[in-house]
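Observations on the three-dimensional arrangement
Residues per chain are reported as follows:
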Amino acid sequence: MKVVIQRVSSASVFIEAQPVASIQHGVVVLLGIANEDSKDDIDWLCHKIANLRIFSDANDVMNQSLLACNGDMIVVSQFTLHATTKKGHRPSYIKAAKPEIALPLYEAFVKRQQDVLGKPIQTGRFGADMQVQLVNDGPVTIIIDSKNKE
């Protein structure tokens, strides 16, 4: 699994001009699922995301996690995170999981992240054409690949 985590002061997701998710202080997580991803990837990523110290403390140092600051989260599925661009100019998405594999993993990721955070999180809609609006706070953007645990 690959994720792009953006710390936000506000974010919203729209489908056909209708709002489906909206938060103020927290993170937007763009989630890309590959064919070989599993529950182990979900568990590791959800714990990592919830505990990343990317929020400012009283001394304005990034020393607080999403859990510590009680921030909110929006998760948006994004198969394009698994694009390969080695050949030509048209990205290939062969590494991205097909919907029949990706959807159950996406749903499991959302459920596990809610369990880790101890509260509901908001989402886009899997497979939908979405418009994501956000104000990246910092800007802080973190990219994590569960297969490359750096």
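Criteria and thresholds
Residues numbered from 1 in each chain as written. Predicted model: local features only at pLDDT ≥ 70, side-chain atom pairs only at ≥ 80, totals over all residues. Heavy atoms only, no water. Helix = DSSP H or I, 4+ residues; strand = E, 2+ residues; numbered from the N terminus. Expected span 1.5 Å × (residues − 1). Buried < 20%, exposed > 50% of the residue type's maximum accessible area, 1.4 Å probe, protein only. Arc of directions from axis to C-beta. Phe/Tyr/Trp six-rings, centres within 6.5 Å; stacked < 30°, edge-to-face > 60°. Lys NZ or Arg CZ within 6 Å of the ring centre and 35° of its normal. Axes fitted to C-alpha atoms, helices over the stretch in contact; angles between N-to-C directions. Parallel < 35°, antiparallel > 145°, perpendicular 65-115°, else oblique. Left-handed = near helix turned anticlockwise from the far one by under 90°. Contact = heavy atoms within 4.5 Å. Nonpolar A, V, L, I, M, F, W, Y, C, P; charged D, E, K, R; others polar.

What about helix 3 (residues 99-117)?
Relative to the 27 Å expected for 19 residues at 1.5 Å per residue, helix 3 spans 26 Å between its end C-alpha atoms, a close match to the ideal helical length. If you check which residues of helix 3 are buried, you get Ala102, Leu105, Tyr106, Phe109, Val110, Gln113, Val116 and Leu117. An end-on view of helix 3 places all buried positions within 145 degrees of arc, on one side of the element. Just downstream of helix 3, glycine 118 is the residue with a positive phi angle, here 75 degrees.

Examining the packing of aromatic side chains
In total, this model carries two aromatic pairs according to the counting rule given. Centre to centre, the rings of phenylalanine 79 and tyrosine 93 are 5.0 Å apart; their planes meet at 75 degrees, and the pair counts as edge-to-face. With phenylalanine 79 in the loop between strand 6 (72-77) and helix 3 and tyrosine 93 in the loop between strand 6 and helix 3, this residue pair connects regions lying 14 residues apart in the sequence. Given the relative accessible area of 48%, phenylalanine 79 is considered partly exposed. Across the ring face of tryptophan 44, the terminal group of lysine 149 is positioned such that the distance to the ring centre comes to 5.0 Å.

Quick word on the packing of helix 1 (residues 39-51) against helix 3
At their nearest, the axes of helix 1 and helix 3 sit 9 Å apart, and the two run at 40 degrees to each other. Here helix 1 lies oblique to helix 3, going by the angle between them. The handedness of the crossing between helix 1 and helix 3 is right-handed. Contacts between helix 1 and helix 3 involve Ile42, Asp43, Leu45, Cys46, His47, Ile49 and Ala50 from the former and Leu105, Ala108, Phe109, Arg112, Gln113, Val116 and Leu117 from the latter. Residue composition of the contact of helix 1 with helix 3, grouped by class: 10 nonpolar, two polar and two charged.

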